[in-house]
Amino acid sequence: MLQTKLLCADLYELYDGRVRQFLLLGGEQALLLDTGFAQSHVMEKVRTLTALPVRVLLTHADPDHAGGLEDVARAWVHRKDWGLVRAAAELHPLQEGDEFRCGGWHLHVIEIPGHTRGSVAFADYDRKVLFPGDSVQDGGPIYLFGDHRDLNLYIGSQKKLEAMADRFETIYPCHHACPVTPDFIGKNRRDAEALRAGTLPSEPTPGMPCRTYHGRWTDFYCTEEDRTRP
Ligand SMILES: [Zn+2]
């Protein structure tokens, strides 16, 4: 069941208990960040919240973020994640430096490959807000196994965000606790470096082809092969 919460005057959270989307309201259009699982039919809920035209932007194209694309005509997604999209929606590219203005929002696209190769974050520097998709989380697990993910790229992207962490006060992750404070960027980076170094305890993940690695602040789903890939 999709729940909605007004986080501030022009920002809604939509949450099914597993993954959340964000609806940013402007005067003439709205921006929807991610579309959730297909079966959540996020667009139906969005239509109860606004009559404005909605532009859909994806943080990345895992099925819990891109599933709802089957209910939209077009969406903006980083090209490196286009191969993950199963819906027939018309795709437009997102890349570093792209900007989207919407009422009181001014989003900047930051490429943060790692969780997926086409992962991006959306930053509003004036409002000191960051939407990092799945790449910054309190607790996790953060998925880092499989061919379309890359631990080394993830660590590099966390360093990139960490270098600008003082530009943010509020981080809105798609999973688990929300919002979180910017120090979780560095906490996730440190845990990911410990994962790569082989110092995190782990055990097989029930029902999944991976192991659960326990960081100090964050768990990861990964494998020995993915963890040690150069
Ligand atoms: Zn996710």
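Refer to the structure presented above.
(A) Up close: the packing of aromatic side chains. Taken as a whole and judged by the stated rule, the model has 8 aromatic pairs. Here Phe22 and Tyr172 contribute two aromatic rings whose centre-to-centre distance is 5.6 Å and whose plane-to-plane angle is 45°, an arrangement assigned as tilted. A residue pair is termed long-range when its members are at least 10 positions apart, and Phe22 in strand β3 (residues 20–25) and Tyr172 in the loop between β13 (170–171) and α4 (183–197) qualify at 150 residues. The exposure class assigned to Tyr172 is buried, which follows from its relative accessible area of 10%.

(B) Structural detail: the pairing of strand β5 (residues 54–57). Pairing between strand β4 (residues 30–33) and β5: 4 bridges, direction parallel. Following the sheet pairing, Leu31 is matched in β5 by Arg55. For the handedness criterion, the β-α-β arrangement of β4, helix α1 (residues 42–49) and β5 is classed as right-handed.

(C) Representation of the packing of helix α3 (residues 151–162) against α4 within the structure. Packing of α3 against α4 brings their axes to within 9 Å, and their N-to-C directions diverge by 155°. It follows from the interaxial angle that α3 and α4 lie roughly antiparallel. Of the two elements, α3 crosses α4, and the hand of that crossing is left-handed. Residues Leu151, Asn152, Tyr154, Ile155, Gln158, Lys159, Leu161 and Glu162 of α3 pack against Ile185, Gly186, Asn188, Arg189, Ala192, Glu193, Leu195 and Arg196 of α4. In the contact of α3 with α4, the residues fall into 7 nonpolar, 4 polar and 5 charged.

(D) Spotlight on the nonpolar core. Judged by nonpolar contacts, the single largest core of 22 residues is most densely connected at Leu23, Leu32, Val46, Val56 and Leu69. Of all the elements in the fold, those that place two or more residues in this core are β2 (11–15), β3, β4, α1, β5 and β6 (74–78). Of the residues forming this core, the biggest block, 3 residues, is contributed by α1. The residues touching Val56, leaving out its near neighbours within four places in the chain, are Leu32, Thr35, Leu69, Val72, Arg74, Ala75 and Trp76.

(E) Representation of α4 in the model. An ideal rise of 1.5 Å per residue puts 21 Å on 15 residues; α4 measures up with 21 Å between its terminal C-alpha atoms. Of the positions making up α4, those classed as buried are Phe184, Ile185, Gly186, Lys187, Asn188, Arg189, Asp191, Ala192, Ala194 and Leu195. Gly198 sits one or two residues past α4 and shows a positive phi near 85°.

(F) Region of the structure containing the coordination of the zinc ion. The coordination sphere of the zinc ion, as far as protein atoms go, consists of Asp64 (OD), His65 (NE2), Asp134 (OD) and His175 (NE2), spread over 2.1 to 2.2 Å. Around the zinc ion sit 4 donor atoms, and with donor-metal-donor angles ranging over 88 to 164° the site reads as irregular. Look at where the donors of the zinc ion fall in the sequence and you get D-H-x68-D-x40-H. Of the two residues, His65 is situated in helix α2 (residues 63–66) and Asp134 in the loop between β11 (129–131) and β12 (139–143); the sequence distance between them amounts to 69 residues. Take His65 and Asp134: they sit in the same class, and that class is buried.

(G) Representation of the environment of Val180 within the structure. For Val180, the position within the fold is in the loop between β13 and α4. Linking Val180 and Leu195, residues 15 residues apart in sequence, is a C-alpha distance of 22 Å. Not counting the four nearest positions on each side in its chain, Val180 is found in contact with Val136, Asp138, Glu169, Thr170, Ile171 and Pro173.

(H) View of the sheet that holds β13. The strand order β8-β9-β10-β11-β13 describes an open sheet built from 5 strands, whose pairing is mixed. Each having just a single partner strand, β8 (99–102) and β13 make up the two edges of the open sheet. By the bridge criterion, 4 bridges tie β8 to strand β9 (residues 105–111) in an arrangement that is antiparallel. Bridge pairing links Arg101 to His106 in β9.

Calculation notes
Residues numbered from 1 in each chain as written. Predicted model: local features only at pLDDT ≥ 70, side-chain atom pairs only at ≥ 80, totals over all residues. Heavy atoms only, no water. Phe/Tyr/Trp six-rings, centres within 6.5 Å; stacked < 30°, edge-to-face > 60°. Helix = DSSP H or I, 4+ residues; strand = E, 2+ residues; numbered from the N terminus. Buried < 20%, exposed > 50% of the residue type's maximum accessible area, 1.4 Å probe, protein only. Pairing = 2+ DSSP bridges. Right-handed = clockwise from strand over helix to strand, strands pointing away. Axes fitted to C-alpha atoms, helices over the stretch in contact; angles between N-to-C directions. Parallel < 35°, antiparallel > 145°, perpendicular 65-115°, else oblique. Left-handed = near helix turned anticlockwise from the far one by under 90°. Contact = heavy atoms within 4.5 Å. Nonpolar A, V, L, I, M, F, W, Y, C, P; charged D, E, K, R; others polar. Core = buried A, V, L, I, M, F, W, Y, C linked by side-chain atoms within 4.5 Å. Expected span 1.5 Å × (residues − 1). Donors = N, O, S within 2.8 Å, 3.2 Å for Na, K, Ca; no water. Tetrahedral: all angles 85-135°; square planar, octahedral: opposite > 155°, others 65-115°.

This is a description of form; function is not addressed.
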